[in-house]
Amino acid sequence: MPRFSVIVPVWKAQGYVRACLESVLGQRYADLELIAVDDCSPDGSAAVVEEVAAADPRVLPLRQPRNAGAGPARDAGAARASGDYLLFLDADDLLAPGALAALDARLRSTGDPEVLLFDHDRLDVWEHRTESGDGPFLHAAALAGHAVFRATERPECLTVLPAAWNRVVRRDYWAGFGFGSGPYEDVPVAYEMLLAAPRIACLDRICVTWRERRHGSFSSTPGPQHLALADRYDTLLARHDLPVLRAERDRRLTAVLDDPGRLRPQDRAAFFRRAGLPGTFAAHRAAELRAHAARRLRARRNAAAREAYRGWYALERRRPLDDHLVVYAAYWNRGVLCSPAAIYRKARELAPHLHGVWVVRRGAQDAVPEGVDRVEANSRRYWELLARARFLVNNANFTGEVVKRPGQVYLQTHHGTPLKHMGMDLRAHPAVAKGMSFRRLLDHADQWDYSLSSNPHSSEIWERVYPGGYLTLPTGYPRNDAYFTAGADDVRRIRARLGIPDGVRAILYAPTHRDYQREFVPQLDLARLCRALGREYLVLVRAHYFHSGAGPAALPEGALDVSAHTPLEELCLASDALLTDYSSLMFDYASLDRPIVVHCADWEVYRAARGVYFDLVSGRPGDTPGVVARDEAAIATAFRSGAWSSPGAAELRAAFRARFCPWDDGRAAERVVRRVLLGEPDLLPVLKPDERTPAPPPG
């Protein structure tokens with residue numbers, strides 16, 4: 001029997017649950033079992049739990065027969081628990097390092113009481129930590145040494161936040177309790193277990209970090225369900241009419257009134273009446289009016305400052321939306337590219353009634369194919385289209401001046417699988433962020449209705465680093481459809497256009513951007529590499545798009561500059577192998593099931609400067625896509641010796657492909673068009689691996 005059973009209800013937490021589980025399993029105190037209860041979560045949370053469980057036998061995954069809420073999920077976990085003590089932890093929270101050891105020590109020093117209360121802190125999306133407010137009481141109680149107490153002896157214990165996760169409870173004592181279902185299900189039981197406990201102890205230590213999510217959690221979802229808190233307290237007071245509980249009722253209900261994330265404006269009056277706080281209504285109403293007046297004043301000032309170039313846009317937003325209009329953009333208006341381009345082409349096939357218009361920046365108009373409607377960014381027509389389009393599709397973000405209207409549908413496709421730190425995680429790398437506005441980043445994420453994901457890893461990362469109220473669509477990347485729809489003739493035609501001689505192996509060299517580089521500077525000696533490879537190979541050099549499609553000024557014999565060639569998918573189809581460092585292209589290229597060689601000369605520096613989500617060069621299956629080489633000599637040896645296409649490299653590639661390309665099957669664009677643009681309720685199923693046929697390699 002373990003000392004602790006940690007019970008985690010899991011629902012719509014795919015961006016957070018891995019860190020939660022790892023915070024438990026990473027404790028040096030290992031005498032535990034971790035019961036993760038999937039409450040029929042509609043996202044990838046269950047898959048994360050299964051993955052973690054497969055790697056650690058202490059994890060017991062359970063699945064509820066139907067979605068019933070956190071209370072029943074906790075009760076199901078408690079019913080399966082075998083530990084001496086139960087600790088309930090929410091899937092988006094963290095167990096502090098050393099917490100279990102500290103809890104065990106305090107339990108033993110106080111004679112294993114029925115309940116042990118401990119402290120917590122709160123962590124917001126900006127990673128600002130705030131104290132719980134429970135510290136003073138817990139500190140005073142802990143100073144009592146080994147003493148334990150009853151609630152009647154220290155009624156101040158009832159002022160501790162009534163939550164499931166800021167206490168441990170002895171399992172044999174818990175047998176008389178249960179959470180049940182409904183909003184605020186943990187409030188009554190949190191009090192009842194204290195009121196009935198023969199012995200309560202306190203630990204003056206933060207053991208849990210409550211991560212406050214911007215969207216998706218119960219506390220951040222406004223609505224009438226928060227009226228249930230008054231009902232919970234009134235039921236409790238009917239059984240225990242104590243002054244401290246009445247005071248706590250008023251304090252907790254007032255806190256809900258002060259929280260804009262819980263009550264919608266239309267629910268506030270009903271909450272005031274139900275809460276029975278009439279004396280507070282006038283003060284809150286006056287504060288609301290003052291805040292509203294201040295917001296209107298700021299809005300008028302901002303509008304006046306921007307009136308010269310936004311007046312037309314404001315007028316157009318009063319006109320009806322055009323249900324048949326779709327505005328597309330990619331890579332900050334660089335052209336018809338990436339997944340938005342694949343969606344555009346599929347929409348023309350499946351939804352010809354929709355009219356797509358591409359936003360392009362000045363100077364990029366000529367890059368738009370003939371017959372494709374385009375508009376120059378920041379032109380008068382640009383603002384008209386953005387004001388009236390029913391659908392907005394982008395792989396980056398529209399300018400911050402864009403106001404998403406009610407009824408508009410914003411699809412964020414992203415443009416790569418994250419290896420390096422992204423979004424809110426860049427706060428830890430200020431030199432890389434370079435003054436990035438994280439507030440604007442969150443404002444952008446708040447506009448998204450749908451976020452495309454290419455794999456479960458991306459789903460986890462995007463939802464955490466771009467926290468918002470959008471729906472994640474596990475579709476695969478539409479831009480990768482080309483790898484399954486192209487045939488041998490297509491590959492031959494592309495190679496001929498590029499000038500790749502027959503019988504020559506083409507290596508696509510696509511390094512990523514370094515944040516400290518303004519111009520494209522290859523991280524290897526191309527002349528040395530080409531000499532070592534010989535005439536049997538041709539290196540296709542593709543600069544990162546940040547460098548405006550411009551490759552190096554001069555290339556040696558055996559290398560070809562393809563930086564200006566679009567689309568990038570054609571270069572992948574034309575090549576026999578990919579040579580890259582840390583570019584996200586490797587994740588897409590893996591769909592082709594062709595060899596990948598990783599050049600990692602500055603891996604340690606890059607990892608420290610930018611931050612990464614896994615160790616690309618570890619050689620572990622699933623992390624490393626193929627041969628890893630430190631310098632030009634090792635790269636040349638990998639190709640000339642055959643290691644690049646060896647069985648060992650193929651095994652690594654297969655594991656990498658299984659992890660990062662599970663949904664790429666040639667039908668991603670169709671999934672998106674049907675689900676988002678045509679409004680079909682379900683996504684097309686993903687083909688099984690043996691049903692997918694990527695384009696054949698050259699030769």
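Residues numbered from 1 in each chain as written. Predicted model: local features only at pLDDT ≥ 70, side-chain atom pairs only at ≥ 80, totals over all residues. Heavy atoms only, no water.

Participant: Could you give an account of the pattern of salt bridges, with specific residues and numbers?
Facilitator: Side chains carrying opposite charge are able to pair once their charged atoms draw close together. One pass over the full model with this rule turns up 48 salt bridges. For Lys404, the salt bridge goes to Asp449, with nearest N and O atoms at 3.1 Å. Taken as a pair, Lys404 in the loop between β13 (389-394) and β14 (409-412) and Asp449 in the loop between α16 (438-447) and β15 (450-453) lie far apart in primary sequence, 45 residues in all. Its relative accessible area of 26% is what places Asp449 among the partly exposed residues. (Salt bridge = Lys/Arg side-chain N within 4 Å of Asp/Glu carboxyl O. Helix = DSSP H or I, 4+ residues; strand = E, 2+ residues; numbered from the N terminus. Buried < 20%, exposed > 50% of the residue type's maximum accessible area, 1.4 Å probe, protein only.)

Participant: Kindly report on the environment of Pro352, identifying the contributing residues and their values.
Facilitator: Here Pro352 shows up in the loop between α13 (338-350) and β11 (355-360). A relative accessible area of 62% places Pro352 in the exposed class. For the pair Pro352 and His324, spaced 28 residues apart in sequence, the C-alpha to C-alpha distance is 9.4 Å.

Participant: Which residues make up the environment of Glu463, and what values do they have?
Facilitator: Along the chain, Glu463 turns up in helix α17 (residues 456-465). Taking relative accessible area as the criterion, Glu463 reaches 15% and is therefore assigned buried. Residues Glu463 and Gly216, spaced 247 residues apart in sequence, show a C-alpha to C-alpha distance of 10.0 Å. The contact partners of Glu463, leaving out residues within four places of it in the chain, are Gln14, Gly15, Tyr16, Asp43, Tyr470 and Thr472. At a separation of 2.6 Å, a polar atom in the side chain of Glu463 contacts the side chain of Gln14. For Glu463, the side chain forms a polar contact with the side chain of Thr472, separated by 2.6 Å. (Contact = heavy atoms within 4.5 Å. Polar contact = N/O pair within 3.5 Å; in protein donor to acceptor, adjacent residues only side chain to side chain.)

Participant: For unusual backbone geometry, give the residues involved together with the corresponding values.
Facilitator: Peptide bonds are trans in most cases, and residues, glycine excluded, mostly fall at negative phi. The peptide bond linking Thr566 to Pro567 adopts the cis configuration, its omega dihedral lying at -5°. Within the fold, Pro567 resides in the loop between β19 (559-561) and α21 (568-574). Even without being a glycine, Cys338 presents a positive backbone phi close to 60°. Along the polypeptide, Cys338 turns up in helix α13. A residue is classified by how much of its surface remains accessible, and Cys338, at 7% relative accessible area, is buried. Backbone geometry places Asn378, a non-glycine residue, at a positive phi of 70°. For Asn378, the location among the structural elements is in the loop between β12 (374-376) and α14 (380-388). Its relative accessible area of 53% is what places Asn378 among the exposed residues.

Participant: I'd like a description of helix α25 (residues 647-660), backed by residues and values.
Facilitator: The end-to-end C-alpha separation of α25 is 20 Å, in line with the 20 Å expected for 14 residues at 1.5 Å each. Looking only at α25, the buried set comprises Ala649, Leu652, Arg653, Phe656 and Phe660. Down the axis of α25, the smallest arc covering the buried residues is 100°, so these residues share one side. More than 90 degrees from the buried face of α25, the exposed residues found are Pro647, Glu651 and Ala658. On its buried face, α25 sits against α17, α22 (585-589) and β22 (627-629). (Expected span 1.5 Å × (residues − 1). Arc of directions from axis to C-beta.)

Participant: Give a detailed account of the sheet that holds β15, specifying residues and quantitative values.
Facilitator: Within a sheet, each strand pairs with its neighbour through backbone hydrogen bonds, oriented either parallel or antiparallel. Read across the open sheet, the 7 strands follow the order β12-β11-β10-β13-β14-β15-β16; overall the sheet is parallel. Of all strands in the sheet, those with a lone pairing partner are β12 and β16 (471-474), marking the two edges. Direction aside, neighbouring strands of the sheet carry axes that sit 25° apart on average. Bridging between strand β10 (residues 322-329) and β13 involves 5 bridges; their strand directions are parallel. Note that in β13 the partner of Val326 across the bridge is Phe391. (Pairing = 2+ DSSP bridges. Axes fitted to C-alpha atoms, helices over the stretch in contact; angles between N-to-C directions.)

Participant: Lay out the packing of α13 against helix α26 (residues 668-677) with the relevant residues and their values.
Facilitator: The interhelical angle for the contact between α13 and α26, taken along N-to-C directions, is 65°, at an axis separation of 9 Å. Regarding the angle of α13 to α26, the classification is roughly perpendicular. In the crossing of α13 with α26, the sense of the turn from one axis to the other is right-handed. Here Ala342, Ile343, Lys346, Ala347 and Leu350 of α13 come into contact with α26, specifically with Ala669, Glu670, Val672, Val673, Arg674 and Leu677. (Parallel < 35°, antiparallel > 145°, perpendicular 65-115°, else oblique. Left-handed = near helix turned anticlockwise from the far one by under 90°.)

Participant: Can you lay out the packing of aromatic side chains for me, pointing to particular residues and giving the numbers?
Facilitator: If you walk through the whole model with that rule in mind, you get 28 aromatic pairs. Arranged with centres 5.3 Å apart and planes meeting at 55°, the rings of Phe88 and Trp174 form a pair that is tilted. Here Trp174 lies in helix α6 (residues 171-174) and Phe88 lies in strand β4 (residues 85-88), a separation of 86 residues in the sequence. We note that Phe88, like Trp174, is buried. For the ring pair Phe398 and Tyr410, a centre distance of 5.6 Å and an interplane angle of 65° mean the geometry is edge-to-face. Here the residue Phe398 occupies a position in the loop between β13 and β14, and Tyr410 occupies one in strand β14, the gap between them amounting to 12 residues. (Phe/Tyr/Trp six-rings, centres within 6.5 Å; stacked < 30°, edge-to-face > 60°.)

Participant: An account of the side chain of His226 is requested, with residue identities and associated values reported.
Facilitator: Within the secondary structure layout, His226 lies in the loop between β9 (200-211) and α8 (228-239). Discounting residues that sit within four places of it in the chain, His226 has contacts with Tyr184, Phe218, Ser219, Thr221, Val256, Arg262, Leu263 and Phe271.

Participant: Before we move on, could you go through the sheet that holds β19 and cite the residues and values that matter?
Facilitator: Taken together, the 6 strands give an open sheet; going across it, the order is β19-β18-β17-β20-β21-β22, and neighbouring strands pair in parallel fashion. One side of each edge strand has no neighbouring strand; the edge strands of this open sheet are β19 and β22. Pairs of neighbouring strands in the sheet enclose a mean axial angle of 25°, with direction left out of account. Pairing analysis gives 3 bridges linking strand β21 (residues 596-599) to β22, with the strands arranged parallel.

These figures capture arrangement, not role.
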